[in-house]
Structure formats: structure tokens, C-alpha cells
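In case you want the letters, here they are:
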Amino acid sequence: MTQAQLPDPEQLAVRILRRERAAVASGLNLLDNKLAAARQRSAGLLAALSGERALNDGHLIGVTGPPGAGKSSLVSAMIREWRLAGRTVGVLAVDPSSRPELGGGALLGDRIRIKNAAYDEGLFIRSLANRNQLGGVATEVWPMSWLMLACFDIVVVETVGVGQTEIDIAEIGDTICYVAQPASGDTIQYLKSGIIEIPDVFAVNKSDLGAPAHKTASEISRSAPRQDRRDDWDYPVCLVSATMNTGIQQLHAHFDRHRSFLAAAGLLGKLRARHQSAWVVRVLKEEFGTFGIELVGGYAEIGRRLNETSTNQFEECERLRQQIISRFKSSD
Ligand SMILES: Nc1nc2c(ncn2[C@@H]2O[C@H](COP(=O)(O)OP(=O)(O)OP(=O)(O)O)[C@@H](O)[C@H]2O)c(=O)[nH]1
Ligand SMILES: [Mg+2]
């Protein structure tokens, strides 16, 4: 794509804020484009979308958990409920299952179940297959979430797995929901060994299975409080069934309550700013390594520049990239 074919960031931002489907899709494609000219425009687009709204509105929810726990099924049940309540929803499915027995992707199955997905103006789903880089969530997921946050009430990022992916998703979402599989001791083991940080909300799915689900829920309730509490949040454990469509409203009430908790404690803006800085550092480190970071004065200097309130962090990131590149060149 030549520079002339790339969309104008200001115009695109206006259309994205109006939630025009084609504009949202084209914005996401732009953020996914790694060419130099596209990077500049991406930064411009994100800056145009980052206003007060992006810092304080919307709700970015990370849904994670082991393979097969029912994350995709649960996300589709949640979508139905949110849409019934008149809330708009954007979804980024980072690692939709490509298990062949599911016909090439659980999300595709969900799309069939959500029959009106393509016609529903209040719903946008983008799947990002194979974006679990080195076991972590790819860097483009944060700017993509940010774009969606500018135009949808709720943005869900679904990722599979525990370990690195779980840590990464914790650096993206305002609220992290961990979907647990009944009768699997994994969650408890991960919690006890500190492999996973405590998610904000636990959803024990498949409650229709009865006793195993109840047992897992009470085991998690007993284990979670052993962790060091970071704050006054109560880390609820919620029994749900994606297929029977039960417990979804309660789960949503916990999400809303967590968001209110963050906002009332003045933590929401801080959390997002922290996630944004972590992303900038990660992008620069991934591209240039520690040597590149040193070329612009090291982590402390980058942190200082990002904290200057007058700068937009996406644009500052692009300026830092350019500086590193030119210093690399002059050190030849
Ligand atoms: N009994 C029961 N089965 C469920 C429920 N939710 C999902 N399942 C089943 O569990 C399996 C996995 O569901 P998915 O939604 O694909 O799970 P996932 O966590 O997204 O899986 P991956 O994307 O592969 O990690 C499917 O066979 C679903 O039909 C539930 O509430 N009850
Ligand atoms: Mg899935």
C-alpha cells in the first residue's frame, strides 16, 4: 500500500467515532500495518481518538483462561446480554481456536450463533489468529483495543492460556475475567504458585455440570484470599453457564461494580496510563532491544517523557522510534 492509499487519520477518526463499520475495519487494518508511513498515520489516528473519552469512558475487559474452558461461548453469551441491555460491544479474539473439530475456529461457530453479528451496528468482532507471539499477546492488541474503546461501550479481549499471555492481558484490561474449567485443579495450582496474578473476577463456567462446577468455585473462593490483597476489591467468584445462559447478568454486575470501584478510587485513568507506558516500552524493546532503549536515555528517561501530560503517548512512541532509528544510523 502506498502512502497515498493510506487513510487520512483525522477523517478516519471522525468516522470511527460515529462507529462506521468500514471505518473501524480500516482503522484496525492501519494499526496492523507495520510500514513506516502507516506507523506515522497510526500514531496520528490514535492521537485523534485519544481524548478525555478514551481515558475515562468505556470498559476494557480481558477474558482469559485455559483452552476449552468456554471463553468464546461465554463471550458470545455476554454479547447477547449486553446488546439486549443496549450496550455496544467490540471484541478482539486474540487466539481463536483453530481446532479442526470445531470447523476451523470456535469464534466462527459463535458468529453463526450470533446470527446478526454482521448486521448489528452495535457489535464488531475482529479475530486475530495466531497473535500469541512467543506465548505473549502481540503488541498491536493494545492500540486496537484503544481504537475500539473510542467507539464501543464495552471492549472485550479474549485470549487463551495462562502464564505469559495471562500476564500480558493483565497489562491491557481494566478488568480481568478468568474463565475456569470445572473439575480442573489447574486454576488453584496456578493461583497458589503465583503463575497467574489474581484476576479481578473469576467465572467458573459450565455450572450446568452441577457438583464439579460448585466444587471448583468454592475451591477458588478459598484459595484466592490467600494471595496478598492489593486493594479493597473482593475478587468475586461467579458460577455461569454459557450454554444455558445462566449467571451472565450477575457476571456483568461484577464487571460494572469493578469498573465503578476503579473509577471511584481514581484508579481507572492511572491503570490505563500505566498500561499505555508499558506498551510503549514493550514496542521499543521488541524492535530495538535494550541497546535501542539506551540510545534515548534508558527506561527512566522514556518514563519521564511519557509522563509529561502534554504529550500523546502514541505520538511520543513514534517520536522515540524515529530518534532511536536515527541514532542507530549515526552510530554506523
Ligand atoms: N456443558 C457446557 N459446555 C460448555 C459451556 N460453555 C462452553 N462449553 C463447551 O466447551 C467447549 C469449549 O468451548 P469454547 O467456547 O470453544 O472454549 P474456549 O475457552 O473458547 O476454547 P479455546 O478457544 O480453544 O481456548 C465446547 O465444546 C463448548 O460447547 C457450558 O456452559 N456448559
Ligand atoms: Mg475460544
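Residues numbered from 1 in each chain as written. Chains lettered and ligands numbered in written order. Predicted model: local features only at pLDDT ≥ 70, side-chain atom pairs only at ≥ 80, totals over all residues. Heavy atoms only, no water.

1. Considerations on the coordination of the magnesium ion (ligand 2)
Okay, step 1: With distances of 2.1 to 2.7 Å, the protein atoms coordinating the magnesium ion (ligand 2) are S72 (OG) and E158 (OE). Here S72, found in helix α5 (residues 71–84), pairs with E158, found in strand β6 (residues 154–158); they are 86 residues apart in sequence, far enough to count as distant. Just as S72 is buried, E158 falls in that class too. (Donors = N, O, S within 2.8 Å, 3.2 Å for Na, K, Ca; no water. Helix = DSSP H or I, 4+ residues; strand = E, 2+ residues; numbered from the N terminus. Buried < 20%, exposed > 50% of the residue type's maximum accessible area, 1.4 Å probe, protein only.)

2. What about the pattern of salt bridges?
Pairs can form between side chains of opposite charge whenever their charged atoms are close.
Okay, step 1: The full count for this structure, using the stated rule, is 16 salt bridges.
Okay, step 2: When the shortest N-O distance is used, the salt bridge between R272 and D174 registers 2.6 Å. Of this pair, R272 sits in helix α12 (residues 268–295) while D174 is found in the loop between α8 (164–170) and β7 (175–180), placing the two residues 98 residues apart along the sequence. The two residues R272 and D174 agree in class, both being buried.
Okay, step 3: The shortest N-O distance in the salt bridge between E316 and R319 comes to 2.8 Å. (Salt bridge = Lys/Arg side-chain N within 4 Å of Asp/Glu carboxyl O.)

3. Quick word on the site of ligand 1
Okay, step 1: Inspection of the region around ligand 1 gives 19 residues, with K71, S72, S73, D208 and A242 positioned closest.
Okay, step 2: At 3.2 Å from an oxygen atom of ligand 1 is found a main-chain nitrogen or oxygen belonging to A69.
Okay, step 3: The fraction of the free accessible surface of ligand 1 (650 Å²) that becomes covered by protein chains is 79%.
Okay, step 4: Its residues placed into classes, the shell around ligand 1 shows six nonpolar, eight polar and five charged. (Near = heavy atom within 4 Å. Polar contact = N/O pair within 3.5 Å; in protein donor to acceptor, adjacent residues only side chain to side chain. Areas by Shrake-Rupley, 256 points an atom, 1.4 Å probe, with all protein chains shown as cover. Nonpolar A, V, L, I, M, F, W, Y, C, P; charged D, E, K, R; others polar.)

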